[in-house]
2 protein chains.
Amino acid sequence: MANKRVYYFGGGKAEGNGQMKALLGGKGAGLAEMTNLGVPVPPGFTISTEVCDEFYKNNRRYPAGLEEEVAQNLSKLESMMGKKLGDANDPLLVSVRSGAAVSMPGMMDTVLNLGLNDKAVEGLIKKAGNERFAWDAYRRFINMFGNVVKGVHHENFEKALQSVKKKKKVELDTDLDANDLKEVVKLYKQVYKSSTKQDFPQDPRKQLWAAIDAVFGSWNNPRAIQYRKLNEIKGLIGTAVNVQSMVFGNFGNDSGTGVCFSRDPSTGKNEFYGEYLMNAQGEDVVAGIRTPQKLATLAKKDPKIYKQLVEVKERLEKHFKDMQDMEFTIERGKLFLLQTRNGKRTGPAAIKIAVDMFNEGLIGKELAVQRVTPDQLDQVFHPNIDPKAKRGVKALAKGLNASPGAATGQIVFTAEEAEEWVKQGKKVLLVRQETSPEDIGGMHAAQGILTATGGMTSHAAVVARGMGRPCVAGCKAAVISGKAMTIKETKFKQGDYVTIDGTTGEVFKGELPLIQPKITGELRTFLSWADEIRKGVERANVSTKGFLVRTNADTPADAKRAREFGAEGIGLCRTEHMFFEEERIMPFREMIVADDLDARKKALKKLLPMQKKDFKGIFKAMDGLPVTIRLLDPPLHEFVPQTKEQIKELSDLTGKSVRELQSKIATLHEANPMLGHRGCRLGVTYPEIYDMQVEAIITAACEVSAAGGKVYPEIMIPLVGTWKELSMLRENADKVCKSVLAKKKSNVKYTIGTMIEIPRAALTADKVAEYADFFSFGTNDLTQMTLGYSRDDVGSFVPFYLENNVLEEDPFARLDQEGVGQLVEMGIKKGRSTKSDLKVGICGEHGGDPSSVEFCYRVGMNYVSCSPFRVPIARLAAAQSVLKNRKK
Amino acid sequence: MANKRVYYFGGGKAEGNGQMKALLGGKGAGLAEMTNLGVPVPPGFTISTEVCDEFYKNNRRYPAGLEEEVAQNLSKLESMMGKKLGDANDPLLVSVRSGAAVSMPGMMDTVLNLGLNDKAVEGLIKKAGNERFAWDAYRRFINMFGNVVKGVHHENFEKALQSVKKKKKVELDTDLDANDLKEVVKLYKQVYKSSTKQDFPQDPRKQLWAAIDAVFGSWNNPRAIQYRKLNEIKGLIGTAVNVQSMVFGNFGNDSGTGVCFSRDPSTGKNEFYGEYLMNAQGEDVVAGIRTPQKLATLAKKDPKIYKQLVEVKERLEKHFKDMQDMEFTIERGKLFLLQTRNGKRTGPAAIKIAVDMFNEGLIGKELAVQRVTPDQLDQVFHPNIDPKAKRGVKALAKGLNASPGAATGQIVFTAEEAEEWVKQGKKVLLVRQETSPEDIGGMHAAQGILTATGGMTSHAAVVARGMGRPCVAGCKAAVISGKAMTIKETKFKQGDYVTIDGTTGEVFKGELPLIQPKITGELRTFLSWADEIRKGVERANVSTKGFLVRTNADTPADAKRAREFGAEGIGLCRTEHMFFEEERIMPFREMIVADDLDARKKALKKLLPMQKKDFKGIFKAMDGLPVTIRLLDPPLHEFVPQTKEQIKELSDLTGKSVRELQSKIATLHEANPMLGHRGCRLGVTYPEIYDMQVEAIITAACEVSAAGGKVYPEIMIPLVGTWKELSMLRENADKVCKSVLAKKKSNVKYTIGTMIEIPRAALTADKVAEYADFFSFGTNDLTQMTLGYSRDDVGSFVPFYLENNVLEEDPFARLDQEGVGQLVEMGIKKGRSTKSDLKVGICGEHGGDPSSVEFCYRVGMNYVSCSPFRVPIARLAAAQSVLKNRKK
């Protein structure tokens, strides 16, 4: 039946089924499926989404034959219900609801009680035996129809209602009696006429078609369009329209309505959970006029209905193999299900339900792994603002959700103060215009970080994520001036309490209560399944089995934590942070201002044992796992002294005059440091720096190995743009390694690879690969250069771009697959055309973003590397990537 | 004869010929060709370059059979000469010389007078009838052989010679008589023995093989390797060895030697030109002890020989169809040619010779066009330091040759002073750390510009090239401090004279005399031939005929000049320079600090008539030719006031407090402005700016058109990274254009295109092309981002990279075809996959670089655009690209 456009459901049999979401919408498919399952559902029919598509393509006209098809289904419905539309004795009333394949709650139109007119209201009175109920239903219908279908402003009806209440001198709608409501109906019809210049339609079939028009029309109302845009709902052809016989929960005390979940959506516990109200309609539950009762009380109040509901719940959950969110109505002691859908749940609930359902034999491991989104998993690892406390509190401002989790504390404006206050036992929130490497101690001491500028990969964001500190970055509304901050009209001084939510980017005044994370047995089980899937995968173009997750960690503590989170190695160990520590910065500065090779070597010699110690700590923490260590990357001017005192100190140490030092520091200034003298460019121009670092790495590896440890050092050369740079630096590094190994009589194996972060390196990856044992895509810098965005400056236009849809995503948060992705794919293909077994990973911030992880999987990377706190997320995202791509 | 390794020449017949340069080297091929032409050449034979290759591949051993082949050729030579090696009555003497396919003057070894020994010297005495000559030849041979073949230090021989001179109490070598020289020979043999622990070899065949060894060995001596590297000589397999019978110009007054050119290498005039010395050897001419005579005097002195020489010259020039550089020797009244090759010449000479030779029917237009290198052509357009004056003067320092030509003047350190001093009638050289847009007036007033920092595409370099001002940029040796400059030890104060050579990058103390350029009729003819070739070309993948040359010009004056130089349109008109003029900068600043749209629009309204005037001037200057106008590109902070006075002035104008303005200016600061809020990002966030510019462009076009002009405006949107930016901005621009055209009732045609300068734009060019009528590759920025180099900062490591061969070329001067080129090629292919007739050009600095022009031709660009002074160079390079690629 190629032209079938309307699908009937009722009497235990439906023309559609649960698989037909695209055609019938989520609601229509659910109603059909429930009907087929023998669940009591008020009968009705669904007009397919294809009609919506045809409607728009055909200039808002319906396809030929639709009218007849609807009429036939309506007849069927009337005969099944034994009622007729508009009947003066026992009228059929229907609801007309939207329902697309993806839920868009509240975005499209609904009309209830359709079929009422001056004659039918009399029939309803007879049937219901309740005059007030019938007039109330009628006046609600006129209001809803007028508003939804004809655009009559709700206020106009409200005024009419008020006038009657005033006349009666009552406050509440419920104080109006049947006669009053009859008067209201009269006035409503006048309102309708004066607004639309038409009489309120008495023909129920005209009412029906007008309602269908309105629902299809609401598919493209501005808020629905906006909602689809915001929620990235794409590829739908339209909404379906569900015409369903009405059931009433407000027929009396043997009637009622409720919402229930087959399991607890907050905790995931396998407990039937819900709320209901007797003698009420669904909207009463929502309106909050009466307090609904817990579902459990229904067991006592009406054990028969309760038992029936439990049976239905079990049947539905077993059938859908997922936790169900159901709407039900009891009409005169008879249970009807109006809707069922997979229920929304919190992160902890999602994990518990997935694991429980596996244990119950309901679903397999693979399905279980797909049942938890990475965002849900992430919730489990961070403190969150207590939802109860958050309700009703408005955020003062919103910045970038730079590092997830919530934090609260007294604000301080310098890193030093953060450390001092914490020593005094206070909890602080560090507020900075932007952070710099010197702030690391203070960032670590603080509960969280708030910055006024900087993007998703600004220093604050990257470091906070690495430390697992919540961070809101680039909060432009925060104006910082000395030791005070103003957000819009609110002024804060040092010591005032502020709460931030790094998961959403919100900033709150005062101290909000937080909920701390809990690691459960279910979580461990769940993640072990994810690991099973991703570790076992084999891919045609990838020489090794599995899709691994490493971490970006610079210290033994970070490494240890990441390992606990499941990291299978270090994908990026930055060596430059090590130089900022008190005792090291001076020799490093001495090296920078040295006039000749000998002086530089002398200073480097002081740093060697310190670096070696760092590396030994990391190798020990990662015993048995590979550690990729990146040689010095940032430009030297990041390390130079800033204050007069610091310069004086350096002058005392080196014997150079302050003026000489100032002049030296000035020559290091760069107009665009991001594109300047850094990375391997330093290694090429000052080979002795890298030589020292390589010596420290390999010596550390030899010593840990000699003490029984298993070390797999991987030396990574940053910012390579030409194969020549890599070939020179590799030669140097090999020379140093060989000499150390000979001296230490060690046979530790090491590899040397490069970051691919300059577009040119990706473009010429076939040549670069000749000198590389591995590639690690540094997608932060690659994004900066491919798009021409400075991550320190994106605050100026990227927020505008995102708001105005010039960009769909922040390319620093989610890999720009269309642009940057081409270079990544090209780099891997070209690299493997030279070395088929080239190991490839990613160590940019994107390594912790689920959709980027999937991209990395598709293009054949061996691993992703992300900050310690993102490791579990990446493990899940990696497993889901495997499953998603297996299906194809 | 697959294994033939030795090629004989002599007696009017040679086994090789002039085409066999790869096998016989330039010298060997030339000797063979001359021999075949019947030109008198001393007979000999050439051992091929393949032997050199085999020698090195085979661990410095010769292939089997070579010894016999050399012996056979030697016998042939002895019998043809009627002399024998080492003969006591009439010994054969030979020279052993290197000669690769590409000339490497002085880099490899030569041995003369080989064959002399204690016996042969007696034979030479008999034959020459000159005892002194013979002993002198012998001692020279021992010296040369010892030094070249055995590495005996020249000093040791010199000491021995001095001892004899001291004993004889004479000053000059020429004061020594035959007996003295005999004594010298004795001492030289002792020196040889004490240095080498061997007797001086008396067997001429051993001498010969030792010399052959040495010459082949010299192919890979360090200076030869370095020379090939510096001169980019690649793909050669080795040197040939030429063994040739000696002729002597110092047998007496009927002998002599000289060097001549078939035309004047300085001017190109068709005059036989050269120098000679009677009774002398070639080295005497070089040594400068005696002053050589002009060739013309030979006509009187020895009309017969002169006539013979003229005949030879004519035969050679006709044969090689190019100006010849010849070496000749007269031995006892008999003329011998020792070498001929295409002569080096100055730029003006190259043009004159090419045009003359065409007029003489010697060569066709295409060959004529290939006879002048773009560098030679460039010489014609700039002042140069008088070569005579430059001789012996050492440059103080060398910077980047940022804009060609020489300049001399009194140095000043600010742009204001430059303008003032020039008003006072002085000639100045502007010296700056680096220039900024505010220096433009001073740069224009100055003779030339010298900067201490900045690369080939720094502000100073780009603007200087645009103005045709000589410029040396990034001269790190120049330390500027206030109104003084120190270069190494030399101190300069304001007003001191300095001379710069922007063609070489050299900086000289004092005022050197310059030679001014001259535009000749030959030049015009020559360029018209180049135009004929490039304008007529058709390419398979390019929809239009010809390969055009446009110019980058921002003012009517520049446009006019470029048109005189042959520009066929403007490829890049930057609109931002227009805002720096006195009356405009204030409203522009007012726009920048405006708080809202209305205030911005108010300020823009003031700028509109000024911009319109600019564009009208340019359209008029380019009447009938297309003009590509780029909308505002630089970040706004480039325009903000710098000094307190300027801020005060802006405060007075806008009514904003100084503090407010300072804070506003501070918020515009960017960490990496190159990757910041500029280009179309401004257009997207402040559409009113581009709207104003588009309105000005189209209004100007309408008005010029209404007055009878032919206008082809092309609106170019810079820094596009996503198709969305372009689609939005194009829509805005089209809207403005349509409204102006309607208002003006005009049907002026315009196009809208984009720069491709962000890697992502090239990667997604298929989508970008949907909204673009044309692409213009902005290879400056594309290079910055693809390589991750900031052109303002490359001074820090790029010079090191170039010196150490990490980079072969400065990628800002010559397009990096391997990396950036891939993106350009990809961009064109993808763009044309969407629009097959997409017009594509280049407007980066590379548009004036010959090898980059050829790349642009190969990848199918419709045109290149370069600064006005490079237009003729580009015209020639374009024509040569056509010819070079046609041959394949």
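That block above? That's the structure.
Conventions used here
- Residues numbered from 1 in each chain as written.
- Chains lettered and ligands numbered in written order.
- Predicted model: local features only at pLDDT ≥ 70, side-chain atom pairs only at ≥ 80, totals over all residues.
- Heavy atoms only, no water.
- Helix = DSSP H or I, 4+ residues; strand = E, 2+ residues; numbered from the N terminus.
- Buried < 20%, exposed > 50% of the residue type's maximum accessible area, 1.4 Å probe, protein only.
- Contact = heavy atoms within 4.5 Å.
- Lys, Arg positive; Asp, Glu negative; His and termini not counted.
- Charge placed at Lys NZ, Arg CZ, Asp CG, Glu CD.
- Least-squares fit on C-alpha atoms with pLDDT ≥ 70 in both.
- Pairing = 2+ DSSP bridges.
- Salt bridge = Lys/Arg side-chain N within 4 Å of Asp/Glu carboxyl O.
- Buried area = accessible area lost by both parts, 1.4 Å probe.
- Polar contact = N/O pair within 3.5 Å; in protein donor to acceptor, adjacent residues only side chain to side chain.
- Nonpolar A, V, L, I, M, F, W, Y, C, P; charged D, E, K, R; others polar.
- Phe/Tyr/Trp six-rings, centres within 6.5 Å; stacked < 30°, edge-to-face > 60°.
- Lys NZ or Arg CZ within 6 Å of the ring centre and 35° of its normal.
- Axes fitted to C-alpha atoms, helices over the stretch in contact; angles between N-to-C directions.
- Parallel < 35°, antiparallel > 145°, perpendicular 65-115°, else oblique.
- Expected span 1.5 Å × (residues − 1).
- Arc of directions from axis to C-beta.
- Disulfide = S-S within 2.5 Å.

Asker: Even after reading the chapter, I still don't get the overall build of chain A, so can you show me in this structure?
Answerer: Secondary structure assignment for chain A yields 35 helices and 34 strands. For chain A, the spread of C-alpha atoms along the principal axes amounts to about 105 × 60 × 55 Å. Taking all 888 residues of chain A together, 59% fall into the buried category. Intrachain contacts of chain A at a sequence separation of at least 6 include 68% that bridge at least 24 residues. Side-chain charges in chain A split into 128 positive and 111 negative, and the spacing between the mean points of these groups amounts to 3 Å.

Asker: Looking at this structure, how should I read the relation of the copies chain B and chain A?
Answerer: When chain B is fitted to chain A, the best match, at an RMSD of 0.2 Å, comes from turning it 180 degrees and sliding it 0.1 Å along the axis. Taken together, the rotation and translation relating the two chain copies correspond to the operation of a two-fold axis. Relative to the rotation axis, the closest C-alpha in chain B is found at Asn-672 of chain B, a distance of 2.2 Å. Both copies share a contact surface, since 100% of the interface residues of chain B are interface residues in chain A too.

Asker: Help me understand the pairing of strand E7 (residues 110–114) of chain B, please; the structure alone is not making it clear to me.
Answerer: Residues in a regular strand project their side chains so that they alternate between the two faces of the sheet. Residues and elements named next belong to chain B. Across the five residues of E7, four count as buried, placing the element largely inside the fold. Pairing geometry for strand E6 (residues 94–99) and E7, over three bridges, is antiparallel. Opposite Arg-97, over in E7, you have Thr-110 as the bridge partner.

Asker: How should the pattern of salt bridges be read in this particular structure?
Answerer: Opposite charge on two side chains makes pairing possible when the charged atoms of those side chains draw close. All names here are of chain A. In total, this model carries 129 salt bridges over all chains according to the counting rule given. Among the salt bridges present, the one from Arg-678 reaches Asp-781, with a minimum N-O distance of 2.3 Å. Linking Arg-678 in the loop between helix H25 (658–667) and helix H26 (680–685) with Asp-781 in helix H31 (residues 779–787), this pair joins segments that are 103 residues apart in sequence. Across the pair, Asp-781 and Arg-678 agree in class, each one buried. Arg-814 is the partner of Glu-809 in a salt bridge, and the nearest nitrogen-oxygen pair spans 3.4 Å. By relative accessible area, Arg-814 is classed as partly exposed at 28%. Where salt bridges share partners, they join Asp-136, Arg-139, Arg-140, Lys-165 and Asp-173 into one cluster.

Asker: Help me understand the interface of chain B and chain A in this model?
Answerer: The extent of an interface is frequently quoted as the accessible surface area lost upon association of the parts. Across the boundary between the two partners, chain B contributes 46 residues, which contact 46 residues of chain A. Buried surface at the junction of chain B and chain A, both sides included, amounts to about 4000 Å², of which 55% is carbon and sulfur. When residues of chain B are sorted by the area they lose upon contact with chain A, Asn-672, Leu-675 and Arg-760 of chain B head the list and together hold 16% of the total. At the boundary of chain B with chain A, the tally comes to six salt bridges. Across the pair Arg-760 of chain A and Glu-818 of chain B runs a salt bridge, and its minimum N-O distance is 3.0 Å. Taken together, the links from chain B to chain A amount to 30 residue pairs in polar contact (both at pLDDT 80 or more). Counting residues per element, the ones that place at least two in the side of chain B that touches chain A are helix H26 (680–685), helix H28 (723–744), helix H29 (759–763), helix H31 (779–787), helix H32 (798–803) and helix H33 (820–834) of chain B. Residues of the side of chain B that touches chain A, tallied by class, amount to 21 nonpolar, 14 polar and eleven charged.

Asker: It is not clear to me how the packing of aromatic side chains should be interpreted in this structure. Could you clarify?
Answerer: The relative placement of two aromatic rings is captured by the distance of their centres and the angle of their planes. If you walk through the whole model with that rule in mind, you get 60 aromatic pairs over all chains. Judged by centre distance (5.7 Å) and plane angle (85 degrees), the rings of Phe-141 of chain B and Phe-200 of chain B are edge-to-face. A residue pair is termed long-range when its members are at least 10 positions apart, and Phe-141 of chain B in helix H5 (residues 131–150) and Phe-200 of chain B in the loop between helix H7 (178–196) and helix H8 (204–218) qualify at 59 residues. There is no split in this pair, since Phe-141 of chain B and Phe-200 of chain B are both buried. One aromatic cluster is present, built from ring pairs that chain together Trp-135, Tyr-138, Phe-141, Phe-145, Tyr-192 and Phe-200 of chain A. The ring of Phe-251 of chain B has Arg-332 of chain B lying over it, and the distance from NZ or CZ to the ring centre is 4.1 Å. The positively charged end of Lys-426 of chain B is found above the aromatic ring belonging to Trp-421 of chain B, 4.2 Å away from the centroid.

Asker: Would you mind going over the environment of Tyr-497 of chain A with me for this structure?
Answerer: Residue and element names in this part refer to chain A. Its location among the elements puts Tyr-497 in strand E24 (residues 497–501). What makes Tyr-497 partly exposed here is its relative accessible area of 34%. For Tyr-497 and Ile-330, which are 167 residues apart along the polypeptide, the C-alpha to C-alpha distance reads 50 Å. Setting aside chain neighbours within four positions, we find Tyr-497 in contact with Thr-408, Gly-409, Gln-410, Phe-492, Lys-509, Gly-510 and Glu-511.

Asker: Please clarify how the packing of helix H13 (residues 347–359) of chain A against helix H20 (residues 521–536) of chain A should be interpreted in this entry.
Answerer: Helix-helix packing is characterised by the crossing angle of the two axes and by the distance between the axes. Residues and elements named next belong to chain A. Where H13 contacts H20, the two axes come as close as 9 Å, and the packing angle between them is 70 degrees. Relative to H20, the element H13 is oriented roughly perpendicular. Contacts from Ile-351, Lys-352, Ala-354, Val-355, Asp-356 and Phe-358 of H13 reach H20 at Glu-522, Leu-523, Thr-525, Phe-526 and Trp-529. Of the residues belonging to the contact of H13 with H20, the class tally is seven nonpolar, one polar and three charged.

Asker: Can you walk me through the pairing of strand E25 (residues 506–509) of chain B in this structure?
Answerer: Residue and element names in this part refer to chain B. The pairing of strand E15 (residues 397–398) with E25 spans two bridges and is antiparallel. Within E25, the position partnered with Ala-397 by the bridge is Val-507. Bridge analysis of strand E24 (residues 497–501) against E25 gives four bridges, and the strand direction is antiparallel. When the sheet's bridge partners are listed, Thr-499 is paired in E25 with Phe-508. Between the antiparallel neighbours E24 and E25 lie four residues, among them Gly-505 with a positive phi of about 90 degrees.

Asker: Would you explain the sheet that holds strand E8 (residues 240–245) of chain A in this entry?
Answerer: Picture the strands of a sheet paired through backbone hydrogen bonds; they go either parallel or antiparallel. Residue and element names in this part refer to chain A. The six strands are arranged E2-E1-E3-E8-E6-E7 in an open sheet whose pairing can be described as antiparallel. Two strands lie at the open edges of the sheet, namely strand E2 (13–14) and strand E7 (110–114), each paired on one side alone. Pairing analysis gives six bridges linking strand E6 (residues 94–99) to E8, with the strands arranged antiparallel. By the bridge assignment, Val-94 is partnered in E8 with Ser-245.

Asker: Explain the sheet that holds strand E27 (residues 548–552) of chain B here, please?
Answerer: Residues and elements named next belong to chain B. The strand order around the closed barrel built from eight strands is E27-E28-E29-E30-E31-E32-E33-E34, with neighbouring strands paired in parallel fashion. Each neighbouring strand pair of the sheet contributes to a mean axis angle of 25 degrees, computed without reference to strand direction. In the sheet, strand E30 (residues 712–717) pairs with strand E31 (residues 751–756) via four bridges, with the strands oriented parallel. Following the sheet pairing, Met-716 is matched in E31 by Gly-753. Where helix H23 (residues 597–621) meets the sheet, its contacts fall on strand E28 (570–574), strand E29 (626–630) and E30, and the angle it forms with E29 comes to roughly 150 degrees.

Asker: Quick question: what am I supposed to make of helix H33 (residues 820–834) of chain A here?
Answerer: Given 3.6 residues to a turn, an α-helix orients residues that are three or four positions apart in the same direction. Here H33 of chain A contains 15 residues, and its C-alpha end-to-end distance of 22 Å stays within 8% of the 21 Å for a straight helix at 1.5 Å per residue. Looking at H33 of chain A, one finds that the buried residues are Val-820, Gly-821, Leu-823, Val-824, Met-826, Gly-827, Ile-828, Gly-831 and Arg-832 of chain A.

Asker: Honestly, the side chain of Glu-331 of chain B in this entry has me stumped. Any pointers?
Answerer: Along the chain, Glu-331 of chain B turns up in strand E12 (residues 324–331). Apart from residues no more than four positions distant in its own chain, Glu-331 of chain B is found in contact with Met-246, Val-247, Phe-248, Phe-251, Asp-254, Ser-255 and Phe-336 of chain B.

Asker: I would appreciate a short explanation of unusual backbone geometry in the present structure.
Answerer: In terms of backbone geometry, most residues other than glycine have negative phi values and most peptide bonds are trans. Located in the positive-phi region is Asn-805 of chain A, a residue other than glycine, with phi close to 65 degrees. Along the chain, the position of Asn-805 of chain A falls in the loop between helix H32 (798–803) and H33.

Asker: Would you mind showing me how to read helix H6 (residues 154–168) of chain A here?
Answerer: Residues and elements named next belong to chain A. An ideal rise of 1.5 Å per residue puts 21 Å on 15 residues; H6 measures up with 21 Å between its terminal C-alpha atoms. Restricting attention to buried positions, one finds in H6 the residues Phe-157, Ala-160, Leu-161, Val-164 and Lys-165. Along the long axis of H6, the arc covered by the buried residues comes to 135 degrees, so they all point the same way. Turned more than 90 degrees away from the buried face of H6, the exposed residues are Lys-159, Lys-166 and Lys-167. Two residues or fewer past H6, Lys-169 is found with a positive phi of approximately 55 degrees.

Asker: Quick question: what am I supposed to make of the side chain of Thr-46 of chain A here?
Answerer: Residue and element names in this part refer to chain A. With respect to the secondary-structure elements, Thr-46 resides in strand E3 (residues 44–47). Within polar-contact distance, the side chain of Thr-46 engages the side chain of Asn-242 at 2.8 Å. Contacts of Thr-46, omitting those with residues within four sequence positions, involve Arg-5, Val-6, Tyr-7, Phe-9, Leu-24, Gly-28, Ala-240, Val-241 and Asn-242.

Asker: Just checking my understanding: could you explain the packing of helix H2 (residues 49–57) of chain A against helix H8 (residues 204–218) of chain A for this structure?
Answerer: Residues and elements named next belong to chain A. Put simply, H2 and H8 touch, their axes get as near as 10 Å, and they point 80 degrees apart. In this view, H2 runs roughly perpendicular relative to H8, as classed from their interaxial angle. On the side of H2, the interface is formed by Val-51, Cys-52, Phe-55 and Tyr-56, while H8 contributes Phe-216, Gly-217 and Ser-218. Of the residues belonging to the contact of H2 with H8, the class tally is five nonpolar, two polar and no charged.

Asker: Just to check I follow, could you spell out the state of the cysteines for this structure?
Answerer: Structurally, a disulfide amounts to a covalent bond that connects the sulfur atoms of two cysteines. Residue and element names in this part refer to chain B. Taken as a whole and assessed by the stated rule, the structure comprises zero disulfides over all chains. Between Cys-475, a cysteine without a disulfide, and Cys-471, which holds the nearest cysteine sulfur, the sulfur-to-sulfur distance is 11 Å. Here Cys-475 falls in the buried class, since its relative accessible area comes to 0%.

Note that every value here comes from positions in space, so none of it alone points to a role or purpose.
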